Amino acid sequence: MILRTLCALLLISMICSCGSEVPPKNFCDFVECLNGATCDGEACQCPLGYEGIDCAFQKDPKKIEIKAVTISDFSATNINGEEWDHDPEELFPAFPDNGFPDIYIIVSNSTGIIYNKTNPNVLNVEPGMDVSLQLANNILITDINSPHKISIMDFDKGGSSQLIELVTFDPYVSDNGFPAEIEIENNGVSLNLTCNYSF
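Calculation criteria
- Residues numbered from 1 in each chain as written.
- Predicted model: local features only at pLDDT ≥ 70, side-chain atom pairs only at ≥ 80, totals over all residues.
- Heavy atoms only, no water.
- Helix = DSSP H or I, 4+ residues; strand = E, 2+ residues; numbered from the N terminus.
- Buried < 20%, exposed > 50% of the residue type's maximum accessible area, 1.4 Å probe, protein only.
- Polar contact = N/O pair within 3.5 Å; in protein donor to acceptor, adjacent residues only side chain to side chain.
- Pairing = 2+ DSSP bridges.
- Axes fitted to C-alpha atoms, helices over the stretch in contact; angles between N-to-C directions.
- Phe/Tyr/Trp six-rings, centres within 6.5 Å; stacked < 30°, edge-to-face > 60°.

J.: Explanation requested: unusual backbone geometry in the structure shown.
T.: Working note: non-glycine residues mostly have negative phi, and peptide bonds are mostly trans. In this model, C55 sits at a positive phi of 60 degrees, which is unusual for a non-glycine residue. On the secondary structure map, C55 appears in the loop between β3 (50-51) and β4 (57-58). With a phi angle near 50 degrees, N187 is a residue other than glycine that sits in the positive phi range. By the element assignment, N187 lies in the loop between β12 (181-186) and β13 (189-198).

If you want it as structure tokens, here you go:
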């Protein structure tokens, strides 16, 4: 009899305890919407590129476009310790050379070259200066999860070229928040890539 009474009291206590809780007014009361998402009372409205009940997860983009490339620094000499472009009649004989390279870039991945502008892009680039390269077109990256390489080239007389530096970068990281700019620091080279993401 005493045991039954105790069980009954415990059951009543549990019912009263549950009934005393104030139910949440709406979805927004118990879920925090992340990554700049807003709540409409029933669900998180995720910004472009995010998904999940609380918008916590990045979606892989279908492609990344590099819209601009800025080079800030590189080695002032080649592997032999010589200045770049020491040939005074290299490209434009009417203009004396000053030992600075005429730069263009080649972008490649595991399947081959995806961007190559073989003529000089910017003439007489000095190390330590911020120089924006003029792209012939946006550089389209569709294999977003594979490492890519950028060959920084010095255009030389007769169409030959010297490799200034080869840098490797990952165009996409699954938790980096889709940066508008990718900064690359590698072997004394500083590059900045301005990007756009498509989903």
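J.: Any chance you could explain the side chain of S190 here in plain terms?
T.: Within the secondary structure, S190 is located in strand β13. With relative accessibility at 12%, the residue S190 sits in the buried group. Looking at S190, its side chain comes within polar contact range of the side chain of E185, at 2.8 Å.

J.: Would you mind going over the sheet that holds strand β10 (residues 148-155) with me for this structure?
T.: Taken in spatial order, the four strands line up as β7-β6-β10-β11 in an open sheet, and their pairing is antiparallel. Edge positions in the sheet fall to β7 (112-116) and β11 (161-169), since each of these pairs with one other strand and no more. Strand-to-strand twist of the sheet, defined as the mean angle between neighbouring strand axes without regard to direction, takes the value 25 degrees. Bridge analysis of β10 against β11 gives eight bridges, and the strand direction is antiparallel.

J.: Is there a simple way to explain the packing of aromatic side chains in this structure?
T.: Overall, the coordinates contain five aromatic pairs when judged by the stated rule. The interplanar angle of 75 degrees and the centroid separation of 5.5 Å between the aromatic rings of Y50 and F178 together place this pair among those described as edge-to-face. One end of the pair, Y50, is in strand β3; the other, F178, is in the loop between β11 and β12, and 128 residues separate them in sequence. On the basis of an interplanar angle of 85 degrees and a centroid distance of 5.3 Å, the ring pair of F178 and F199 is categorised as edge-to-face. Of the two residues, F178 sits in the loop between β11 and β12 while F199 sits in the segment after β13, which places them 21 residues apart along the sequence. Look at F178 and you get buried, because its relative accessible area is 13%. Ring pairs connect the aromatic residues Y50, Y172, F178, Y197 and F199, which therefore count as one cluster.

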